[in-house]
Amino acid sequence: QVRLVESGGGLVQPGESLKLSCAASGFTAITTTMSWFRQATGKQREFVGATWKSGENAYSNTYANFAKGRFSFSRDKTRNTIYLQMNDLRPEDTAVYYCAGGGSASQRYFDASYWGQGTQVTVSS
């Protein structure tokens, strides 16, 4: 059974960091295109970034403009988990963050086959 479980969200102050986890089961996350999205209250879901295996020991990433330079991906093969490190968080980063698996660049990864339930990130002083 395919499952994605996000964790690591919480309440932080502006400028602080969080590391979100996306634990996968039922498929191998590190060889699947994995992406993160977020949805703020009253707004549409938006793309945060995606990561995919591009070589034997290489990965490629793409990020939304707001995430460039602040967010980054990492992965743990043994845990079948993808991480999203978020630094210098801002109040406008407040949203529910979702991880997704299996999307395509042509569809901006919104066609992902698997979705998690989301984890809340709140940035407030």
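Here, the structure is the one placed above.
Below you will find a few notes about this structure. Fair warning: this is a prediction, and the values are worked out from it, not measured in the lab.

**Some details on the nonpolar core**
One broad trend across soluble globular proteins is that nonpolar side chains are buried collectively. Counting residues in hydrophobic clusters, the biggest one holds 25 residues, and the most contacted among them are Trp36, Phe71, Leu84, Met86 and Tyr97. Secondary-structure elements contributing two or more residues to this core are strand S3 (18-25), strand S4 (34-39), strand S7 (71-76), strand S8 (81-86), strand S9 (95-101) and strand S11 (119-123). With 7 residues, the next largest nonpolar core counts Phe37, Phe47, Ala50 and Ala112 among its residues.

**Observations regarding the state of the cysteines**
With the rule as written, the count across this model stands at 1 disulfide. Across the disulfide from Cys22 sits Cys99; the S-S distance is 2.0 Å. Here Cys22 and Cys99 share a disulfide; its torsion about the S-S bond, 60°, makes the bridge right-handed. Of this pair, Cys22 sits in strand S3 while Cys99 sits in strand S9, placing them 77 residues apart in sequence.

**Details of the environment of Tyr97**
Here Tyr97 shows up in strand S9. Put simply, Tyr97 and Val123 are 26 residues apart on the chain and 13 Å apart in space, counted from C-alpha to C-alpha. Here the side chain of Tyr97 touches Arg38 through a polar contact of 3.0 Å, side chain to side chain. Within the local environment of Tyr97, its side chain forms a polar contact with the backbone oxygen of Asp93, the two atoms lying 2.7 Å apart.

**Brief notes about the packing of aromatic side chains**
To describe a pair of aromatic rings, you give the distance between the ring centres and the angle between the ring planes. Summed over the entire model, instances satisfying the criterion amount to 7 aromatic pairs. Relative to Trp115, the ring of Phe37 has its centre 4.9 Å away and its plane inclined at 45°; by these criteria the two rings are tilted. With Phe37 in strand S4 and Trp115 in strand S10 (residues 114-115), this pair connects stretches of sequence that are 78 residues apart. Ring centres of Phe47 and Tyr109 lie 5.2 Å apart, and the angle between their planes is 15°; on these two criteria the pair is classed as stacked. You can see Phe47 sitting in strand S5 (residues 46-55) and its partner Tyr109 sitting in the loop between S9 and S10, a full 62 residues away along the chain. For Phe47, a relative accessible area of 16% gives the class buried. Looking at Tyr109, the relative accessible area reads 8%, which means it is buried. The rings of Phe37, Phe47, Tyr109, Phe110 and Trp115 are connected pair by pair, giving a single aromatic cluster. Its guanidinium or amino end placed over the ring of Phe66, Arg38 lies 3.7 Å from that ring's centre, counting from NZ or CZ.

Thresholds applied
Along each chain, numbering runs from 1 in the same order as the chain's sequence is written. Only residues with pLDDT of at least 70 are given local features in this predicted model, and only at 80 or more are side-chain atom pairs given and counted; all residues enter the totals for whole chains, interfaces and linings. With hydrogens and water set aside, each side-chain value is computed from the structure's full complement of heavy atoms. Take the buried Ala, Val, Leu, Ile, Met, Phe, Trp, Tyr and Cys residues and link them wherever side-chain atoms come within 4.5 Å; each set so joined is a nonpolar core. A simple rule labels every residue: compare its accessible area, found with a 1.4 Å probe on the protein chains alone, to the largest value its type can have, and call it buried under 20%, exposed over 50%, or partly exposed in between. The helix and strand labels rest on DSSP assignments: H or I over at least four residues marks a helix, E over at least two residues marks a strand, and numbering proceeds from the N terminus. A pair of sulfur atoms, both from cysteines and within 2.5 Å, is called a disulfide here. The definition of a polar contact used here is a pair of N or O atoms within 3.5 Å, where within protein one atom must be able to donate a hydrogen and the other to accept one, and adjacent residues in sequence count solely through side-chain atom pairs. In this scheme Phe, Tyr and Trp rings, the latter by its six-membered ring, pair at centre separations within 6.5 Å, and the angle between planes marks the pair as stacked below 30 degrees, edge-to-face above 60, and tilted otherwise. Charges are assigned to positions over rings by a cutoff of 6 Å between ring centre and Lys NZ or Arg CZ, combined with an angular limit of 35 degrees from the ring normal.

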